[in-house]
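# Structure assessment
Listed here are the chains, written in short residue letters.
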Amino acid sequence: MIALEPVTVTSRRRRIPMPRWGGREGMAGWIILGVLVLVALLAPVLAPHSTEAIDGSRIFGAPDWSHPFGSDDLGRDVFSRVLYAYRASLSIAIGSVLLAMAVGIPIGLIAGYAGGWTDLVLMRAVDLLLAFPALLLAISLIAILGPGGLVALLAIAIIYVPIMARVVRSSVLVVRNQPYVLGARARGASHWAIVRGHVLPNAIGPALVQASVLMAFAIIIEAALSFLGLGAQPPTPELGLMLAEGNNYLTQAPWVEIFPGLAIALSVLAFNLIGDGLRRSFDPGQLAR
Amino acid sequence: MSAPLEKDGQEDGQKGGTVGAAVTASPTTASSTTASSTTASATAAPILAFDDVRVDYRGRSSTVSAVAGVSLELRAGETFGLVGESGCGKTTLSMAVMGLLPDRAQVSGEIRFRGEDLVTMPAGRRRRLRGDDVSMVFQDPATSLDATFPIGEQVAETIRAHRSVSRREARDRALQLLAEVGIPDPAARYSDPPHRLSGGMRQRVVIAAALANDPDLLLADEPTTALDVTIQAQILDLLAQLKQRHGMTMLLITHDLGVVAQICDRVGVMYAGQLVEVAPVDQLFAAPRHPYTRALLQALPSRAQRSGRLAVVEGQVPDLSEPPSGCRFKERCPHRMPVCDTTPAATPAGAGSVACWLETVDRATNVELAEQVGGAA
Amino acid sequence: MTARLAYVGRRILLTIPVLIATSIFVFLLIRLVPGDPVQTMLGIRATPDNVATVRAQLGLDKPLPEQYWTWITGVLHGDLGQDFISHEPITSLLGVSLPITLELTVLAMLLAVLVGVPLGVLAAVKGRWTRRISGGFVVAAISIPEFWLGIMLVLLFTGVLHLLPPNGWVPITQDVGLNITYMILPVLALALGQTAYLLRTTRAAMLGTAGEPYVAFLHAKGLRTRTVIYLHMLRNASGPIVTVAGIQFGVLLGGAIVVENLFALPGVGRMVVGAISNRNYVVVQGGVLVIATLFILVNLLTDIVHGLLDPRVEEAVAR
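Residues numbered from 1 in each chain as written. Chains lettered and ligands numbered in written order. Predicted model: local features only at pLDDT ≥ 70, side-chain atom pairs only at ≥ 80, totals over all residues. Heavy atoms only, no water.

### Observations regarding the overall build of chain C
- Broken down by element type, chain C carries 13 helices and zero strands.
- Going residue by residue from the N terminus, the α and β elements of chain C occur as α-α-α-α-α-α-α-α-α-α-α-α-α.
- By principal-axis analysis of the C-alpha atoms, chain C measures approximately 80 × 60 × 35 Å.
- Counting every position in chain C, which comprises 319 residues, the buried fraction comes to 52%.
- Within chain C, contacts between residues at least 6 apart in sequence are counted, and of these 73% link residues at least 24 apart.
- Of the accessible surface of chain C, which amounts to about 13900 Å², a share of 69% is contributed by carbon and sulfur atoms.
- The distance from the centre of the 21 positive side-chain charges to the centre of the 16 negative ones in chain C is 18 Å. (Helix = DSSP H or I, 4+ residues; strand = E, 2+ residues; numbered from the N terminus. Buried < 20%, exposed > 50% of the residue type's maximum accessible area, 1.4 Å probe, protein only. Contact = heavy atoms within 4.5 Å. Areas by Shrake-Rupley, 256 points an atom, 1.4 Å probe, with all protein chains shown as cover. Lys, Arg positive; Asp, Glu negative; His and termini not counted. Charge placed at Lys NZ, Arg CZ, Asp CG, Glu CD.)

### Comments concerning the interface of chain C and chain A
- Contact with chain C, which involves 49 residues of that partner, is made by 43 residues of chain A.
- Buried area between chain C and chain A, both sides added, is near 3900 Å², and the carbon and sulfur share of it is 79%.
- Where chain C touches chain A, the interface holds one salt bridge.
- Note that R200(C) and D276(A) form a salt bridge whose closest N and O atoms lie 3.6 Å from each other.
- Viewed at the interface, chain A and chain C are joined by two residue pairs in polar contact (both at pLDDT 80 or more).
- By residue number, the principal contributor to the side of chain C that touches chain A is helix α10 (residues 225-263) of chain C, which donates ten residues. (Buried area = accessible area lost by both parts, 1.4 Å probe. Salt bridge = Lys/Arg side-chain N within 4 Å of Asp/Glu carboxyl O. Polar contact = N/O pair within 3.5 Å; in protein donor to acceptor, adjacent residues only side chain to side chain.)

### Focus on the domain arrangement of chain C
- Each domain of chain C was delimited in the assignment, giving domain 1 (3-76) and domain 2 (94-277).
- Using only C-alpha atoms to locate each centre, domain 1 of chain C and domain 2 of chain C end up separated by 34 Å. (Domains from an automatic or database assignment.)

### Brief notes about the nonpolar core
- Within the largest apolar cluster, 184 residues are counted, with the highest numbers of intra-cluster contacts made by Y86(A), I139(A), Y160(A), L225(A) and F147(C).
- Residue assignment places this core across two domains, with domain 1 (3-76) and domain 2 (94-277) of chain C each supplying three or more.
- In contact with L225(A), other than residues within four places in its own chain, are L135(A), A138(A), I139(A), I142(A), A152(A), L230(A) and G231(A).
- Counting residues in each nonpolar core, the second largest holds 96 residues, with L178(B), V205(B), L211(B) and A216(C) among its members. (Core = buried A, V, L, I, M, F, W, Y, C linked by side-chain atoms within 4.5 Å.)

### So, the confidence of the model for chain B
- For chain B, the average pLDDT comes to 79, and 80% of its residues sit at 70 or higher.
- This stretch, residues 1-42 of chain B, has a pLDDT under 50; its non-local contacts, to residues over four places away or in other chains, come to 78 contacts. (pLDDT = per-residue confidence, 0-100.)

### Details of the packing of aromatic side chains
- Under the criterion given, the structure shown has twelve aromatic pairs over all chains.
- The interplanar angle of 80° and the centroid separation of 5.6 Å between the aromatic rings of F138(B) and F217(C) together place this pair among those described as edge-to-face. A residue pair is termed interchain when its members come from two chains, as with F138(B) in the loop between β6 (134-137) and α5 (141-144) and F217(C) in helix α9 (residues 213-220).
- Judged by centre distance (5.2 Å) and plane angle (75°), the rings of F27(C) and Y68(C) are edge-to-face. (Phe/Tyr/Trp six-rings, centres within 6.5 Å; stacked < 30°, edge-to-face > 60°.)

Here it is, written out as structure tokens:
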């Protein structure tokens with residue numbers, strides 16, 4: 001889930017390299033993600049039914065034209081609920097990663113650039129957080145703060161901060177001692193100018209690659225937490241929660257389990273494809289294809 | 001196209017080469033095949049023979065012609081030096097002998113080891129030749145050993161790959177070999193990983209592994225380049241000694257004319273994939289004939305200097321993805337003539353041969369000849 | 001050999017501060033609960049007497065360092081406290097649940113290694129199509145959450161094929177065959193993603209070694225391609241593979257929490273999640289401590305294995 005895969009970019013580009021589409025797969029990822037974001041935004045328009053309308057006549061109703069994903073144990077329309085659930089999934093995934101980037105990137109920059117004791121102290125703290133299995137750490141935090149969607153977002157962000165910091169730090173270390181950075185220092189360039197002009201552009205690629213991979217896992221972690229009853233609470237339409245609720249009626253109404261799961265997998269796939277594409281465009285020499 | 005052939009086969013070889021050059025760039029012609037068989041009967045059979053060998057690296061957008069029609073014979077027991085700047089195709093040629101070129105490399109022509117063509121040989125049989133009858137020593141001992149394996153085992157496994165011997169016997173033999181190449185206290189070093197050894201010691205291990213099965217032919221690709229100067233001499237001495245003791249033939253690839261002068265019997269000079277001159281060492285140093293060879297020797301600060309490096313010849317090596325037609329040296333050559341757009345054939349010169357139009361064409365008449373050759377095409 | 005021992009010793013020493021820090025974090029877990037944790041644990045119906053008793057029991061009335069000292073001394077003596085609902089010692093709860101979690105995760109990792117590594121080698125050495133297919137498999141497999149995969153496996157093997165029980169558990173001491181039967185689906189659900197990761201890592205690591213001169217020299221010595229690939233290249237590629245396997249074991253432990261809940265396996269993960277809903281903090285604490293420690297030890301183990309497989313590592317650490 002949290003495979004640390006630091007990508008080192010050694011090229012000397014002053015401009016922040018713009019992410020390219022990253023080939024056919026990367027493009028596919030962006031398209032899927034674009035559609036899903038649209039779906040989430042337009043859920044109120046697209047959803048054929050209310051997410052909470054209980055319909056006694058449609059308990060475990062099989063998929064049909066007006067209920068393409070069937071109905072659940074309360075007769076609610078699974079399709080409409082999935083559309084709305086994407087709102088929570090995507091915003092928690094994107095939000096947690098953005099939060100982690102906002103905290104982790106500065107930590108990594110400072111640690112890598114300053115070196116010495118600052119680096120040592122920051123990285124020990126980071127290592128400590130990484131010593132926990134990610135989901136266990138999230139669960140521990142939820143144990144303290146209590147369940148809920150926002151808590152899940154926060155917990156995931158906390159898991160991700162050390163990963164982000166590590167990735168950024170390792171790419172900073174690559175550039176820190178490059179002749180052109182040393183030269184800039186010798187010319188008396190300010191620290192901020194060096195960081196902005198040389199260090200950040202080199203760190204941003206790996207950070208973005210990592211971010212997309214982390215978003216993929218954020219979706220899984222968030223769904224897992226909800227599945228365990230530690231994330232979003234009923235009757236919120238949430239993909240993991242829907243899987244938990246439908247699990248007792250699996251053989252009776254498999255659609256209640258199949259479609260939300262597919263929905264999770266599809267969004268995770270989108271982020272993973274984007275991540276692979278970014279990896280390739282930032283680091284074409286890397287052999288991990 | 002055609003390159004120097006052996007003395008005895010020269011006439012026929014030259015004919016074949018010239019025809020080939022003038023008509024098309026097609027591979028081996030019948031006559032040059034005959035040439036080599038004639039050679040075989042005339043003197044001792046060559047242990048290794050290249051016959052119009054070409055190697056092309058196919059890329060996505062272009063094809064690089066790394067070796068362009070090399071013909072050459074190695075006599076059993078000699079030490080043959082192959083010199084040239086980096087990128088001239090000498091390493092490609094040796095890897096072609098070993099059959100270790102990447103998939104995108106396309107080899108044509110014949111490479112005959114003891115009369116048997118290696119290019120068309122089945123992969124299994126070829127593997128059995130490698131490390132047994134034909135061995136190779138690589139350039140950088142720091143990277144040519146597996147860092148995760150004990151050095152002794154890297155020698156022993158070579159034996160076990162070719163002989164059905166017990167682990168014990170392979171180990172004993174490996175210890176013997178390590179002692180022979182000058183590793184002090186081999187039994188103690190046997191289990192050491194490579195990084196515990198110095199560069200020179202590692203190269204000795206590489207040599208021990210290469211010699212493990214008493215090969216008849218040893219290819220040594222810049223075996224001393226990556227080493228300190230003092231160590232270089234030791235390794236060269238070791239190679240020369242071992243060559244004598246084991247009665248091997250050695251193909252020594254180098255860009256160092258000093259090394260050539262020190263241990264080689266004959267030399268071949270390569271330029272941009274073509275073999276431009278072949279001669280006994282003394283003759284090459286005393287009377288170089290090809291303009292490129294001459295430039296090389298002039299580039300040496302002092303001919304006597306042992307470790308003179310090449311590459312101080314004016315101009316640039318041509319782009320091998322779009323090689324010039326004819327002689328590939330023509331653009332840097334002070335004697336360029338119109339006829340140079342056609343590949344010169346190998347011409348006998350003393351005890352060697354030279355592939356240069358200067359050898360066959362009188363400057364005054366070269367325009368005329370070029371027209372003739374051009375007309376034939 | 002001494003260099004190796006030194007490496008192992010050094011690596012073990014480096015683990016100790018991590019273990020201490022982890023224990024402090026876990027210790028603070030209860031203390032960080034907003035409000036009065038004891039009140040929260042016992043609920044509104046708890047009498048002040050009850051609250052005072054439990055508080056004293058947990059030592060919450062003393063200063064923090066003293067509390068930690070008392071707690072960690074207990075932990076080191078095998079006393080993780082008491083479940084205040086069942087009044088059972090946490091250690092005896094873990095005695096049942098930990099082996100289940102271990103069985104689940106170790107089997108899943110074993111399966112992932114046995115399938116993922118050879119497929120990764122194959123994907124690296126075979127042609128473009130193998131590479132493409134394996135690339136597609138990897139991205140698909142890592143995109144499927146293990147709990148949904150588990151649900152779909154149940155649907156297939158229980159709902160449609162009627163081959164396996166949907167969930168439940170039988171102690172291995174009671175009936176090995178039945179125990180394994182119950183383990184099959186959870187292990188499969190857990191292993192797929194890991195298989196994909198190991199495949200990808202193996203493929204990348206093998207491709208990374210393929211261009212090395214020593215590989216050419218191994219071929220030049222006339223070794224069989226099989227020997228070159230499986231003995232030499234794989235051993236050289238083992239560093240990243242072992243490291244990723246170690247990191248992924250943490251993921252596996254996380255995944256096990258979900259999978260245990262899905263398949264009703266009474267492992268540590270199920271114990272912890274159940275305890276969270278009951279606000280049974282002492283149990284949560286014990287479970288988290290055990291899993292975190294396990295992960296740290298697995299990482300230690302992978303580092304040591306890495307060092308043994310690749311002698312360059314010990315040298316790098318010694319410098």
